[in-house]
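Each chain, letter by letter, is given below.
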Amino acid sequence: MAWTFLSRLLAGKPRQRPDLHVVVFTRETCPLCDEAWKLLRGYQNRYGFTLEAIDIDTSPNLVDEHGEWVPVVVVNGQVRFRGHVNEVLLQRLLDAP
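Residues numbered from 1 in each chain as written. Predicted model: local features only at pLDDT ≥ 70, side-chain atom pairs only at ≥ 80, totals over all residues. Heavy atoms only, no water.

Draft legend 1. Examining helix H2 (residues 31-47) more closely. When the terminal C-alpha atoms of H2 are compared, their 24 Å separation across 17 residues agrees well with the 24 Å that a helix rising 1.5 Å per residue should span. Of the positions making up H2, those classed as buried are Cys-33, Ala-36, Leu-40, Tyr-43, Gln-44 and Tyr-47. Buried residues in H2, looked at end-on, bunch into an arc of 105 degrees, giving them a common side. The exposed residues of H2 that point more than 90 degrees off its buried face are Pro-31, Lys-38 and Asn-45. Those residues of H2 that are buried are in contact with strand E1 (21-26), strand E2 (50-55), strand E3 (72-75) and helix H4 (87-95). In the stretch just after H2, Gly-48 is the one whose phi turns positive, near 75 degrees. (Helix = DSSP H or I, 4+ residues; strand = E, 2+ residues; numbered from the N terminus. Expected span 1.5 Å × (residues − 1). Buried < 20%, exposed > 50% of the residue type's maximum accessible area, 1.4 Å probe, protein only. Arc of directions from axis to C-beta. Contact = heavy atoms within 4.5 Å.)

Set out below in structure tokens:
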């Protein structure tokens, strides 16, 4: 296991993560949402996970659920980030077995 990680690190090629489904709950006029989306798109290109955006303003239920706390980033059904994506924690999540 350690050898595989080391060889990927030296090769500069991250492990692909098609097992991850990332949903970003967003709003149209949200600069933090734009920032989060841009960051996640960059990681998606490297790790190959599924990335989806949902505008909460399209559903009153989503507005009630998330309010002003956007972006909300959900990974495999679990809320991981609200308002800001912590890049260090995102990297740990992507590198986890």
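Draft legend 2. Examining the packing of aromatic side chains more closely. The final tally for this structure, using the stated rule, is one aromatic pair. Over the ring of Tyr-43 we find Arg-46, and its NZ or CZ is 4.7 Å from the ring centre. (Phe/Tyr/Trp six-rings, centres within 6.5 Å; stacked < 30°, edge-to-face > 60°. Lys NZ or Arg CZ within 6 Å of the ring centre and 35° of its normal.)

Draft legend 3. Representation of unusual backbone geometry within the structure. The linkage connecting Val-70 with the following residue, Pro-71, adopts the cis geometry, with an omega of 0 degrees. Mapped onto the secondary structure, Pro-71 falls in the loop between helix H3 (60-66) and E3. Of note, Asn-76 is a non-glycine position whose phi angle comes to about 50 degrees, a positive value. One can find Asn-76 in the loop between E3 and strand E4 (78-82). Using a relative accessible area of 44% as the deciding quantity, one classes Asn-76 as partly exposed.

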